[in-house]
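Structure assessment
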Amino acid sequence: MYSDEHVGATGEPLKDVLAIGIGGSFLGPLFVHTALQTDPEVVEFAKGHQLRFLANVDPIDVARNIIGLDPETTCVVVVSKTFTTAETMLKARALWEWISSALRPFAVAKHKGSLYVVSNHNELMSNFFVQPDALA
Ligand SMILES: O=P(O)(O)OC[C@H]1O[C@](O)(CO)[C@@H](O)[C@@H]1O
């Protein structure tokens, strides 16, 4: 993303990241994010980019966190060890609806390249909405 090589369905470079996950699947990414915040090189790379976490069961959490983000340039990362956590799945679907309702139908499939999943449950991930090559 920092090199502008990763683009969304419309060819626009992906700029911001929404990370979905609760419990350890939130705290792990938050730990890495916090640890890197004092690294000058990372701070430089991160300029102009936002990382937002969706990490609770608040039903308006998605609505609050997408304010100011553009679905064409937002990358979604779903983190779930089991890939069965109801809150995480609900938010993942809500975000996919946010993205797909903003894009024309032909672009929706293309934009799946900007969805990433971190899990150890390959079968459930494949049955969700990601392309196999987007699996982490
Ligand atoms: O990574 P998952 O499977 O989505 O689980 C998220 C969290 O939910 C729990 O299973 C129960 O709160 C935690 O142990 C875990 O950190």
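Reference entry: report on the structure contained in this document. Residue positions are given per chain, counting from 1 as you read along its sequence in written order. Reporting in this predicted model follows two pLDDT cut-offs: at least 70 for local features of residues, and 80 or more for side-chain atom pairs to be given and counted; totals over whole chains, interfaces and linings ignore these cut-offs and use all residues. No hydrogens and no water enter the side-chain calculation; it runs on all heavy atoms of the structure.

1. A look at the site of the ligand
Test applied: Each residue is tested against the molecule or strand, and it is near if at least one of its non-hydrogen atoms lies within 4 Å. In the analysis that follows, any N or O atom pair within 3.5 Å is treated as a polar contact, provided that within protein one partner can donate a hydrogen and the other can accept it, and provided that, for residues neighboring in sequence, both atoms belong to side chains. For the accessible areas, the method is Shrake-Rupley and the probe is 1.4 Å, while residue cover comes only from the protein chains on display. Charged residues are taken to be Asp, Glu, Lys and Arg, nonpolar residues to be Ala, Val, Leu, Ile, Met, Phe, Trp, Tyr, Cys and Pro, and polar residues to be all remaining types, Gly included.
If you check the shell around the ligand, you find I22, G23, G24, S25, S80, K81, T82 and T85 and nothing else. G24 places a polar main-chain atom, nitrogen or oxygen, 2.7 Å from an oxygen atom of the ligand. The backbone of K81 places a nitrogen or oxygen atom 2.7 Å from an oxygen atom of the ligand. Coverage of the ligand by the protein chains reaches 57% of its 390 Å² of free accessible surface. Of the residues belonging to the shell around the ligand, the class tally is 1 nonpolar, 6 polar and 1 charged.

2. Considering the sheet that holds strand β1 (residues 16-20)
Filter applied, for reference: If DSSP finds at least two bridges between two strands, the strands pair. Helix and strand definitions here come from DSSP, where helices need a minimum of 4 consecutive H or I residues and strands a minimum of 2 consecutive E residues; each element is numbered from the N-terminal end. Angles here are taken between N-to-C directions and fall from 0 to 180 degrees, while the axes themselves are lines fitted to C-alpha atoms, restricted in helices to the stretch in contact.
Strand order in the open sheet formed by 4 strands is β2-β1-β3-β4, and the pairing between neighbours is parallel. Because the sheet does not close on itself, it has two edges, and the strands there are β2 (51-54) and β4 (115-118). Between one strand axis and the next, the sheet turns through 20 degrees on average, direction left out of account. Of the pairings in the sheet, the one linking strand β3 (residues 74-79) to β4 comprises 4 bridges and is parallel in character.

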